[in-house]
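Commentary on secondary and tertiary structure
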Amino acid sequence: MIGRVCRVAVLGSLLAMLGACKEEGADPAAWSRLGSESFTPEAWAGADQEGRGAMVADLLASNSLVGATPEAVEALLGTPTGYYDYETNMAYVVGPKGEVESSYADGYLLVFETDGGEVSKILAVPDL
């Protein structure tokens, strides 16, 4: 009986950790397939969508954006390219054109999903 309780506790802990990792935002390692350029607000502002895609891994690795307000994200990245599903979910088109296409854009969307006035998740659409 004790062994079964331990297994259930361990499984519950693992599922909680996996859920927490997903909530922290998009994995910078997944984004690194688009490039490994250093992010600065100035470089981002001057880059095209492919250049921005190459900066996303560094952006996510060096900035805690989950929990940030949409205003703070916009102050860092500028005006969003558009929105994802709702006007509260800011999105930026990033990455090379022609590599991936969705009903949203020719490229990937870097989405800042909000809940209660702050970023709750960072998504890649479509998935990387």
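How each quantity is defined
- Residues numbered from 1 in each chain as written.
- Predicted model: local features only at pLDDT ≥ 70, side-chain atom pairs only at ≥ 80, totals over all residues.
- Heavy atoms only, no water.
- Salt bridge = Lys/Arg side-chain N within 4 Å of Asp/Glu carboxyl O.
- Helix = DSSP H or I, 4+ residues; strand = E, 2+ residues; numbered from the N terminus.
- Buried < 20%, exposed > 50% of the residue type's maximum accessible area, 1.4 Å probe, protein only.
- Phe/Tyr/Trp six-rings, centres within 6.5 Å; stacked < 30°, edge-to-face > 60°.
- Expected span 1.5 Å × (residues − 1).
- Bend = angle between axes of the 7 residues up to and from the residue.
- Contact = heavy atoms within 4.5 Å.

Side note on the pattern of salt bridges
Inspection of every chain in the model, using the stated rule, returns one salt bridge. A salt bridge links Arg33 to Glu99, with the nearest nitrogen and oxygen atoms 3.5 Å apart. Taken together, the positions of Arg33 in the loop between α2 (28-31) and α3 (41-46) and Glu99 in the loop between β2 (86-94) and β3 (108-115) put the pair 66 residues apart, joining distant regions of the chain. Residue classification places Arg33 among the exposed residues on the basis of a relative accessible area of 51%.

Examining the packing of aromatic side chains
All chains considered together, the criterion is met by five aromatic pairs. Plain terms: the ring middles of Trp31 and Tyr108 are 6.4 Å apart, the flat faces sit at 70° to each other, and that makes the pair edge-to-face. In this pair, Trp31 is assigned in helix α2 and Tyr108 in strand β3, connecting sequence segments 77 residues apart. Tyr108 gets classed as buried once you look at its relative accessible area, which sits at 5%. Ring geometry for Phe39 and Trp44: centres 6.0 Å apart, planes at 65°, overall edge-to-face. The same class applies to Phe39 and to Trp44, which are both buried. A connected cluster of aromatic rings, assembled from ring pairs, spans Phe39, Trp44, Tyr92 and Phe112.

Description of helix α4 (residues 49-62)
For α4, built from 14 residues, the straight-helix expectation of 20 Å at 1.5 Å per residue is met to within 8% by its first-to-last C-alpha distance of 20 Å. Residue Met55 marks the point of greatest curvature in α4, where the axis turns by about 40°. When we look at burial in α4, the residues that qualify are Gln49, Arg52, Gly53, Ala54, Met55, Val56, Ala57, Leu59 and Leu60. Of the surrounding elements, those touching the buried residues of α4 are α2, α3, α5 (70-77), β2, β3 and β4 (118-125).

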